[in-house]
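Observations on the model geometry
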Amino acid sequence: MTKTVAVINSKGGVGKTTVTLGLASAAQAVGSTVLVIDLDPQANATWGLRPAEIEDGRTTADVFANGAVGTLADAIHPSGWGNEVDVVPSDPRLTEREADHVRVDHIDRFRRAMEGATDDYDLVLIDCAPSLGRISSAALAVADMILLVTEPSALSLRGIEGVERRLTELGDDLGIEIHVGGVVLNKVPARGSEAFRQVDELRGLVGKRAVWEPHVPNRVVLAEALADGTPIHWWGYRAGEVIEVFDQLLTRLRRALRRS
Ligand SMILES: Nc1ncnc2c1ncn2[C@@H]1O[C@H](COP(=O)(O)OP(=O)(O)O)[C@@H](O)[C@H]1O
Ligand SMILES: [Mg+2]
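Read on for an overview of the structure. This structure is a prediction, so every number in the text was calculated from the model and none was measured.

1. A short note on the site of ligand 1
- Residues in close proximity to ligand 1 total 16 residues, the closest being G13, K16, T18, N186 and P217.
- Contacts to ligand 1 include K16, whose side-chain N or O atom sits 2.8 Å from an oxygen atom.
- T18 places a side-chain nitrogen or oxygen 2.6 Å from an oxygen atom of ligand 1.
- Relative to its free-state accessible area of 550 Å², ligand 1 is covered by the protein chains to the extent of 81%.
- Among the elements of the structure, α1 (16–29) and α10 (220–228) are those that each provide at least two residues to the shell around ligand 1.

2. Describing the packing of α1 against helix α11 (residues 240–259)
- At a minimum axis separation of 9 Å, α1 and α11 run at an interaxial angle of 85°. As the angle between them shows, α1 and α11 are arranged roughly perpendicular. Across from T18, V19, G22, L23, A26 and A27 in α1, the residues of α11 making contact are F246, D247, L249, L250 and L253.
- Within the contact of α1 with α11, the residues separate by chemical class into eight nonpolar, two polar and one charged.

3. What about the nonpolar core?
- Within the largest apolar cluster, 46 residues are counted, with the highest numbers of intra-cluster contacts made by L35, I37, L39, L72, F110, I126 and L202.
- For F110, the residues in contact, after removing those within four places along its chain, are I37, L39, V63, F64, L72, I126, A138, A139 and V142.
- Membership of the second largest hydrophobic core comes to 38 residues, among which are V7, V149, V184 and V216.

Cut-offs applied
- Residues numbered from 1 in each chain as written.
- Chains lettered and ligands numbered in written order.
- Predicted model: local features only at pLDDT ≥ 70, side-chain atom pairs only at ≥ 80, totals over all residues.
- Heavy atoms only, no water.
- Near = heavy atom within 4 Å.
- Polar contact = N/O pair within 3.5 Å; in protein donor to acceptor, adjacent residues only side chain to side chain.
- Areas by Shrake-Rupley, 256 points an atom, 1.4 Å probe, with all protein chains shown as cover.
- Helix = DSSP H or I, 4+ residues; strand = E, 2+ residues; numbered from the N terminus.
- Axes fitted to C-alpha atoms, helices over the stretch in contact; angles between N-to-C directions.
- Parallel < 35°, antiparallel > 145°, perpendicular 65-115°, else oblique.
- Contact = heavy atoms within 4.5 Å.
- Nonpolar A, V, L, I, M, F, W, Y, C, P; charged D, E, K, R; others polar.
- Core = buried A, V, L, I, M, F, W, Y, C linked by side-chain atoms within 4.5 Å.
- Buried < 20%, exposed > 50% of the residue type's maximum accessible area, 1.4 Å probe, protein only.

So, in C-alpha coordinates, the structure goes:
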(Lines give C-alpha, C1' and ligand atoms only; values in the text may rest on other atoms or scores of the structure.)
(Ligands and ions follow the chains in the order given, each with its own letter.)
Protein backbone atom coordinates (compact mmCIF):
# COMPACT_ATOMS: atom_id res chain seq x y z
CA MET A 1 0.00 0.00 0.00
CA THR A 2 1.40 3.41 -0.92
CA LYS A 3 0.74 5.86 1.83
CA THR A 4 4.00 7.44 2.97
CA VAL A 5 4.50 11.06 2.03
CA ALA A 6 7.58 13.22 2.70
CA VAL A 7 6.80 16.93 2.97
CA ILE A 8 9.90 18.80 1.93
CA ASN A 9 11.65 22.00 0.90
CA SER A 10 15.18 23.12 1.75
CA LYS A 11 13.75 26.52 2.64
CA GLY A 12 12.29 27.08 6.11
CA GLY A 13 9.15 28.97 7.01
CA VAL A 14 7.29 28.11 3.81
CA GLY A 15 4.67 25.98 5.55
CA LYS A 16 5.87 22.37 5.47
CA THR A 17 4.69 21.81 9.03
CA THR A 18 1.45 23.71 8.52
CA VAL A 19 0.60 21.65 5.43
CA THR A 20 1.59 18.39 7.16
CA LEU A 21 -0.70 19.17 10.08
CA GLY A 22 -3.49 20.46 7.84
CA LEU A 23 -3.49 17.19 5.92
CA ALA A 24 -3.35 15.18 9.15
CA SER A 25 -6.33 17.16 10.42
CA ALA A 26 -8.29 16.52 7.21
CA ALA A 27 -7.52 12.81 7.39
CA GLN A 28 -8.57 12.64 11.03
CA ALA A 29 -11.82 14.42 10.21
CA VAL A 30 -12.82 11.55 7.91
CA GLY A 31 -11.79 8.94 10.44
CA SER A 32 -8.48 7.91 8.86
CA THR A 33 -5.55 6.97 11.03
CA VAL A 34 -2.43 9.06 10.59
CA LEU A 35 1.16 8.82 11.78
CA VAL A 36 3.19 12.04 11.64
CA ILE A 37 6.94 11.49 11.79
CA ASP A 38 8.81 14.64 12.80
CA LEU A 39 12.26 14.81 11.22
CA ASP A 40 12.94 18.46 12.04
CA PRO A 41 15.12 19.04 15.14
CA GLN A 42 13.06 22.19 15.74
CA ALA A 43 10.17 19.82 16.46
CA ASN A 44 7.38 22.16 15.36
CA ALA A 45 5.10 19.35 14.19
CA THR A 46 5.64 17.62 17.53
CA TRP A 47 4.65 20.79 19.31
CA GLY A 48 1.57 21.20 17.12
CA LEU A 49 0.47 17.64 17.90
CA ARG A 50 0.99 17.94 21.68
CA PRO A 51 1.87 14.37 22.68
CA ALA A 52 1.15 14.16 26.41
CA GLU A 53 4.58 13.08 27.51
CA ILE A 54 7.63 12.29 25.42
CA GLU A 55 9.46 9.46 27.04
CA ASP A 56 13.23 9.37 27.20
CA GLY A 57 14.89 7.60 24.33
CA ARG A 58 11.83 7.68 22.16
CA THR A 59 12.18 10.37 19.50
CA THR A 60 13.40 10.43 15.92
CA ALA A 61 16.84 11.36 17.30
CA ASP A 62 16.89 7.97 19.02
CA VAL A 63 15.54 6.23 15.95
CA PHE A 64 18.54 7.48 13.95
CA ALA A 65 20.99 6.81 16.77
CA ASN A 66 19.82 3.22 17.10
CA GLY A 67 18.36 2.08 13.81
CA ALA A 68 17.48 -1.43 14.92
CA VAL A 69 14.40 -3.05 13.42
CA GLY A 70 11.24 -1.69 14.97
CA THR A 71 12.73 1.29 16.83
CA LEU A 72 10.29 3.60 15.12
CA ALA A 73 7.36 1.64 16.52
CA ASP A 74 8.80 2.17 20.02
CA ALA A 75 8.88 5.92 19.43
CA ILE A 76 5.21 6.28 18.48
CA HIS A 77 3.27 8.48 20.91
CA PRO A 78 -0.44 9.29 20.99
CA SER A 79 -1.03 12.90 19.96
CA GLY A 80 -3.17 15.33 21.89
CA TRP A 81 -5.53 15.47 18.92
CA GLY A 82 -7.28 12.15 19.52
CA ASN A 83 -7.05 8.45 18.78
CA GLU A 84 -6.67 8.73 15.02
CA VAL A 85 -3.42 10.70 15.06
CA ASP A 86 -0.09 9.50 16.46
CA VAL A 87 3.32 11.15 16.32
CA VAL A 88 6.93 10.13 16.33
CA PRO A 89 8.30 13.24 18.03
CA SER A 90 11.56 14.96 17.29
CA ASP A 91 14.00 16.71 19.60
CA PRO A 92 17.02 19.00 19.17
CA ARG A 93 19.46 16.08 19.43
CA LEU A 94 18.41 15.08 15.93
CA THR A 95 20.82 17.78 14.71
CA GLU A 96 23.73 15.66 15.94
CA ARG A 97 22.52 12.63 13.99
CA GLU A 98 22.84 14.56 10.74
CA ALA A 99 26.62 14.30 11.08
CA ASP A 100 26.69 10.53 11.68
CA HIS A 101 28.54 8.29 9.25
CA VAL A 102 27.75 8.25 5.58
CA ARG A 103 24.46 9.04 4.01
CA VAL A 104 23.62 5.52 2.95
CA ASP A 105 23.70 4.49 6.56
CA HIS A 106 20.96 6.96 7.44
CA ILE A 107 18.73 5.44 4.80
CA ASP A 108 19.39 1.88 5.95
CA ARG A 109 18.74 2.84 9.53
CA PHE A 110 15.50 4.59 8.83
CA ARG A 111 14.26 1.79 6.60
CA ARG A 112 15.03 -0.82 9.22
CA ALA A 113 13.56 1.28 12.01
CA MET A 114 10.32 1.72 10.07
CA GLU A 115 9.82 -1.97 9.38
CA GLY A 116 6.35 -2.98 10.49
CA ALA A 117 5.83 0.29 12.37
CA THR A 118 3.39 1.92 9.98
CA ASP A 119 1.20 -1.06 9.04
CA ASP A 120 -1.75 0.12 11.11
CA TYR A 121 -2.00 3.60 9.59
CA ASP A 122 -3.94 4.85 6.59
CA LEU A 123 -1.52 7.72 6.01
CA VAL A 124 2.07 8.46 7.08
CA LEU A 125 3.32 12.04 6.82
CA ILE A 126 7.00 12.85 7.30
CA ASP A 127 7.63 16.49 8.16
CA CYS A 128 11.20 17.27 7.07
CA ALA A 129 13.67 19.89 8.28
CA PRO A 130 14.52 22.75 5.90
CA SER A 131 17.44 20.79 4.47
CA LEU A 132 18.20 18.18 1.88
CA GLY A 133 20.79 16.52 4.10
CA ARG A 134 21.16 12.93 5.23
CA ILE A 135 18.10 12.75 7.42
CA SER A 136 15.85 14.27 4.77
CA SER A 137 17.40 11.85 2.28
CA ALA A 138 16.30 8.99 4.49
CA ALA A 139 12.75 10.38 4.37
CA LEU A 140 12.96 10.61 0.58
CA ALA A 141 14.10 7.01 0.40
CA VAL A 142 11.21 5.57 2.40
CA ALA A 143 8.50 7.82 0.95
CA ASP A 144 6.11 6.66 -1.75
CA MET A 145 5.69 10.28 -2.76
CA ILE A 146 7.24 13.66 -2.16
CA LEU A 147 5.21 16.77 -1.63
CA LEU A 148 7.00 20.08 -2.09
CA VAL A 149 5.63 23.06 -0.21
CA THR A 150 6.47 26.58 -1.26
CA GLU A 151 5.11 30.08 -1.04
CA PRO A 152 4.59 32.46 -3.94
CA SER A 153 7.45 34.85 -3.24
CA ALA A 154 10.06 35.58 -5.88
CA LEU A 155 12.80 34.14 -3.66
CA SER A 156 10.96 30.92 -2.89
CA LEU A 157 10.11 30.38 -6.51
CA ARG A 158 13.70 30.85 -7.58
CA GLY A 159 14.58 28.23 -4.98
CA ILE A 160 12.11 25.61 -6.12
CA GLU A 161 13.91 24.87 -9.39
CA GLY A 162 17.08 24.27 -7.44
CA VAL A 163 15.25 21.98 -5.02
CA GLU A 164 13.83 19.89 -7.85
CA ARG A 165 17.24 19.64 -9.50
CA ARG A 166 18.87 18.70 -6.21
CA LEU A 167 16.23 16.02 -5.57
CA THR A 168 16.92 14.44 -8.93
CA GLU A 169 20.68 14.47 -8.24
CA LEU A 170 20.12 12.95 -4.81
CA GLY A 171 18.00 10.19 -6.27
CA ASP A 172 20.75 9.38 -8.78
CA ASP A 173 23.45 9.41 -6.08
CA LEU A 174 21.47 7.19 -3.76
CA GLY A 175 20.09 4.89 -6.39
CA ILE A 176 16.54 5.58 -5.34
CA GLU A 177 13.55 6.64 -7.32
CA ILE A 178 12.49 10.16 -6.35
CA HIS A 179 8.89 10.87 -7.13
CA VAL A 180 7.72 14.45 -6.64
CA GLY A 181 3.96 14.00 -6.57
CA GLY A 182 3.06 17.65 -6.38
CA VAL A 183 3.76 21.17 -5.24
CA VAL A 184 1.51 22.78 -2.65
CA LEU A 185 1.46 26.56 -2.66
CA ASN A 186 1.05 28.04 0.79
CA LYS A 187 0.41 31.56 2.10
CA VAL A 188 -1.20 32.60 -1.15
CA PRO A 189 -2.59 36.14 -0.95
CA ALA A 190 -5.64 37.55 -2.65
CA ARG A 191 -6.11 37.26 -6.37
CA GLY A 192 -4.75 40.18 -8.35
CA SER A 193 -1.91 41.05 -5.96
CA GLU A 194 1.72 41.00 -7.03
CA ALA A 195 2.37 37.78 -5.11
CA PHE A 196 -0.57 36.14 -6.84
CA ARG A 197 1.06 36.79 -10.20
CA GLN A 198 3.99 34.69 -9.00
CA VAL A 199 1.69 31.67 -8.97
CA ASP A 200 1.57 31.72 -12.74
CA GLU A 201 5.32 31.98 -12.81
CA LEU A 202 5.59 28.87 -10.65
CA ARG A 203 3.31 26.96 -12.97
CA GLY A 204 5.68 27.88 -15.77
CA LEU A 205 8.66 26.63 -13.77
CA VAL A 206 7.43 23.27 -12.52
CA GLY A 207 4.71 22.51 -15.03
CA LYS A 208 1.05 23.28 -14.66
CA ARG A 209 -0.08 19.83 -13.57
CA ALA A 210 2.46 19.59 -10.77
CA VAL A 211 1.08 22.58 -8.87
CA TRP A 212 -1.84 21.32 -6.84
CA GLU A 213 -5.12 23.13 -6.43
CA PRO A 214 -6.44 24.63 -4.32
CA HIS A 215 -3.71 26.83 -2.86
CA VAL A 216 -3.51 27.41 0.87
CA PRO A 217 -4.41 31.00 1.65
CA ASN A 218 -2.62 33.18 4.15
CA ARG A 219 -4.85 32.96 7.25
CA VAL A 220 -3.89 33.78 10.79
CA VAL A 221 -6.10 30.97 12.13
CA LEU A 222 -3.51 28.48 10.81
CA ALA A 223 -0.81 30.00 13.00
CA GLU A 224 -3.25 30.04 15.92
CA ALA A 225 -4.10 26.35 15.53
CA LEU A 226 -0.38 25.48 15.43
CA ALA A 227 0.25 27.51 18.58
CA ASP A 228 -2.81 26.04 20.29
CA GLY A 229 -1.86 22.46 19.47
CA THR A 230 -5.24 21.62 17.97
CA PRO A 231 -6.30 20.43 14.50
CA ILE A 232 -7.55 23.13 12.14
CA HIS A 233 -10.78 21.17 11.74
CA TRP A 234 -11.70 22.08 15.32
CA TRP A 235 -11.68 25.78 14.57
CA GLY A 236 -15.16 26.00 13.11
CA TYR A 237 -16.41 28.81 10.92
CA ARG A 238 -13.28 30.94 11.35
CA ALA A 239 -11.30 28.21 9.61
CA GLY A 240 -14.04 27.16 7.18
CA GLU A 241 -12.23 28.19 4.04
CA VAL A 242 -8.93 26.64 5.12
CA ILE A 243 -10.62 23.41 6.21
CA GLU A 244 -12.16 23.12 2.76
CA VAL A 245 -8.74 23.64 1.17
CA PHE A 246 -7.12 20.87 3.20
CA ASP A 247 -10.04 18.51 2.56
CA GLN A 248 -9.52 19.00 -1.16
CA LEU A 249 -5.76 18.67 -0.91
CA LEU A 250 -6.21 15.39 0.97
CA THR A 251 -8.44 14.10 -1.81
CA ARG A 252 -5.78 15.14 -4.31
CA LEU A 253 -3.10 13.41 -2.24
CA ARG A 254 -5.09 10.19 -2.05
CA ARG A 255 -5.56 10.19 -5.80
CA ALA A 256 -1.84 10.77 -6.36
CA LEU A 257 -0.95 7.96 -3.93
CA ARG A 258 -3.23 5.53 -5.72
CA ARG A 259 -1.38 6.29 -8.93
CA SER A 260 2.15 6.17 -7.51
N1 LIG B 1 -1.14 29.69 5.19
C2 LIG B 1 -0.66 30.30 6.28
N3 LIG B 1 -1.28 31.39 6.80
C4 LIG B 1 -0.79 32.01 7.89
N5 LIG B 1 0.32 31.64 8.55
C6 LIG B 1 0.99 30.54 8.08
C7 LIG B 1 0.54 29.83 6.94
N8 LIG B 1 1.40 28.81 6.73
C9 LIG B 1 2.33 28.89 7.69
N10 LIG B 1 2.11 29.92 8.50
C11 LIG B 1 2.95 30.36 9.64
O12 LIG B 1 4.26 30.61 9.12
C13 LIG B 1 5.25 30.08 10.01
C14 LIG B 1 6.10 29.04 9.27
O15 LIG B 1 5.26 27.95 8.90
P16 LIG B 1 5.75 26.44 9.08
O17 LIG B 1 4.62 25.58 8.70
O18 LIG B 1 6.34 26.27 10.43
O19 LIG B 1 6.91 26.38 7.96
P20 LIG B 1 8.08 25.31 7.74
O21 LIG B 1 7.64 24.03 8.38
O22 LIG B 1 8.23 25.20 6.26
O23 LIG B 1 9.32 25.88 8.37
C24 LIG B 1 4.51 29.53 11.20
O25 LIG B 1 4.49 30.51 12.20
C26 LIG B 1 3.12 29.26 10.67
O27 LIG B 1 2.13 29.34 11.68
MG1 LIG C 1 8.57 22.88 9.82
